[in-house]
Amino acid sequence: MKKIYHIEGMSCAHCVARVENAVSEMPGVKKAKVNLKKANAKIKYDEQLVTEDAIIAKITETGYTATVE
C-alpha cells in the first residue's frame, strides 16, 4: 500500500527528518519520504502490519497534523 499524507506545521529540514525517522521506525513501514515544499509524505507500508490511523497518530506524536490526501 502506498499513500500520500498531507502534513501541516513543518517549517524546516529538521521537521522533515523528524517525521521521516518516526514513521520509518514503525513496524510494517517500508519507505517514508517527506517533502517540505509540498507539505506531504509518501509512505509505502504493509497494511497488514500497520494502519493508516496508526501512521497519522505517529505523525501527530511528532508535533504535526496529518491527513490522507
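This text follows the structure it describes.
Cut-offs applied
Residues numbered from 1 in each chain as written. Predicted model: local features only at pLDDT ≥ 70, side-chain atom pairs only at ≥ 80, totals over all residues. Heavy atoms only, no water. Salt bridge = Lys/Arg side-chain N within 4 Å of Asp/Glu carboxyl O. Helix = DSSP H or I, 4+ residues; strand = E, 2+ residues; numbered from the N terminus. Pairing = 2+ DSSP bridges. Axes fitted to C-alpha atoms, helices over the stretch in contact; angles between N-to-C directions. Contact = heavy atoms within 4.5 Å. Core = buried A, V, L, I, M, F, W, Y, C linked by side-chain atoms within 4.5 Å. Buried < 20%, exposed > 50% of the residue type's maximum accessible area, 1.4 Å probe, protein only.

### Let's talk about the pattern of salt bridges
- Per the counting criterion, the structure on display carries two salt bridges.
- Between K58 and E61 there is a salt bridge, with its nearest N and O atoms 3.6 Å apart. Residue K58 and its partner E61 are both found in helix α2 (residues 52-61); the two are separated by three residues, about one turn of the helix.

### Digging into the sheet that holds strand β4 (residues 65-68)
- Sheet architecture is open: four strands sit in the order β2-β3-β1-β4, paired in antiparallel fashion. Taken across any chain shown, the strands that pair with only one partner, and hence form the sheet edges, are β2 (29-35) and β4. Sheet twist, expressed as the mean angle between neighbouring strand axes with direction ignored, is 25 degrees.
- Helix α1 (residues 13-24) rests against β1 (2-8), β2 and β3 (40-45) of the sheet, and its axis sits at about 170 degrees to β2.
- Together, β1, β3 and β4 form the strand contacts of α2, whose direction differs from that of β1 by roughly 30 degrees.

### Re the environment of E25
- Residue placement: E25 occurs in the loop between α1 and β2.
- Between the C-alpha atom of E25 and that of T60, which follows or precedes it by 35 residues, the distance is 15 Å.

### Observations concerning the nonpolar core
- Counting residues in each nonpolar core, the largest one holds 20 residues, and the members touching the most others are I7, M10, V19, V23, I43, I55 and I59.
- For this core, the secondary-structure elements that each account for two or more residues are β1, α1, β2, β3 and α2.
- Top element by residues in this core is α1. It accounts for four residues.
- In contact with M10, other than residues within four places in its own chain, are C15, V16, V19, V34, N35, L36, A39, N40 and Y64.

No statement about biological role is implied by the geometric values presented.
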